[in-house]
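# Chains, contacts and geometry: an overview
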Amino acid sequence: MKSESPDSSSSPHLRNLIILCSIIVLVGAGVFQVCRADEPLPAAMASYPKGTITSVYETTFQIDGRTFSLSPEVVLVDRHGDPLASTAIRMDIDVKYRIQKGTNDKIDWMMLFLPQ
């Protein structure tokens, strides 16, 4: 009759727990880039509409003559994916954008191609 030590049967579970904890710590530290549901994948971005900002008002702006506003949770980024403030929105800037689901005039993600 073969006897197992108590440590040998729990070793795989302990190892899996250590691996899981390590992954959580690394993700929390930003080692792995995690895509949130509200942030598009680069491949999906190819299907987003593009245009040029043609007018800017107090709370709205136009892209190719169509009026939009920003959703409260909007994500604005430059061509490198770095975050931008809403003050970066100005006339004659080329953009790619995503319209918030359930609306037809609120943008929840937009990439601005600022002059270099």
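I will try to describe carefully the structure that is included in this document. Predicted model only: the values in this text are computed from it and were never measured. (Residues numbered from 1 in each chain as written. Predicted model: local features only at pLDDT ≥ 70, side-chain atom pairs only at ≥ 80, totals over all residues. Heavy atoms only, no water.)

## As for the environment of threonine 67
Put simply, the rule is: Counting from the N terminus, the helices are DSSP H or I runs at least four residues long and the strands are E runs at least two residues long. Think of it in three bands: with a 1.4 Å probe and only protein chains considered, a residue is buried below 20% of the maximum accessible area for its type, exposed above 50%, and partly exposed in between. Whether two residues are in contact is decided by their heavy atoms, any of which lying within 4.5 Å being enough. Distance and chemistry together define a polar contact, namely a pair of N or O atoms within 3.5 Å, with one atom able to donate a hydrogen and the other to accept it when in protein, and with adjacent residues in sequence counting only for side-chain atoms on both sides.
With respect to the helices and strands, threonine 67 occurs in strand S3 (residues 66-78). A relative accessible area of 38% places threonine 67 in the partly exposed class. If we ignore the near neighbours within four places in the chain, the residues touching threonine 67 are Thr60, Phe61, Gln62 and Asp105. At a separation of 3.1 Å, a polar atom in the side chain of threonine 67 contacts the side chain of glutamine 62.

## Quick look at the environment of alanine 85
Looking at the secondary structure, you find alanine 85 in the loop between S3 and strand S4 (94-99). Judged by its relative accessible area of 45%, alanine 85 falls in the partly exposed class. Sequence separation between alanine 85 and valine 75 is 10 residues; the distance between their C-alpha atoms is 9.0 Å.

## Side note on the nonpolar core
What counts, and what does not: Residues belong to one nonpolar core when they are buried, are Ala, Val, Leu, Ile, Met, Phe, Trp, Tyr or Cys, and are joined through side-chain atoms within 4.5 Å.
If you look at the biggest cluster of nonpolar residues, it comprises 13 residues, and the most contacted ones within it are Ile63, Val95, Met110 and Leu112. Elements represented by at least two residues in this core include exactly strand S2 (61-63), S3, S4 and strand S5 (106-113). Per-element tally for this core: the top contributor is S5, with 3 residues. With residues up to four places along the chain from it excluded, the contact list for methionine 110 reads Phe61, Ile63, Leu70, Val75, Leu76, Val77, Ile89, Val95, Lys96 and Tyr97.

## Quick word on the packing of aromatic side chains
The cut-off we apply is this: Only Phe, Tyr and Trp rings take part, Trp by its six-membered ring, and two of them pair if their centres are within 6.5 Å. Stacked means planes under 30 degrees apart, edge-to-face means over 60, and tilted covers everything else.
The full count for this structure, using the stated rule, is 3 aromatic pairs. Aromatic pair phenylalanine 61 and phenylalanine 68: ring centres 6.5 Å apart, planes at 35°, arrangement tilted. Taken individually, phenylalanine 61 and phenylalanine 68 each receive the classification buried, so the pair is uniform in this respect. These aromatic residues form a ring-pair network of at least three members: Phe61, Phe68 and Tyr97.

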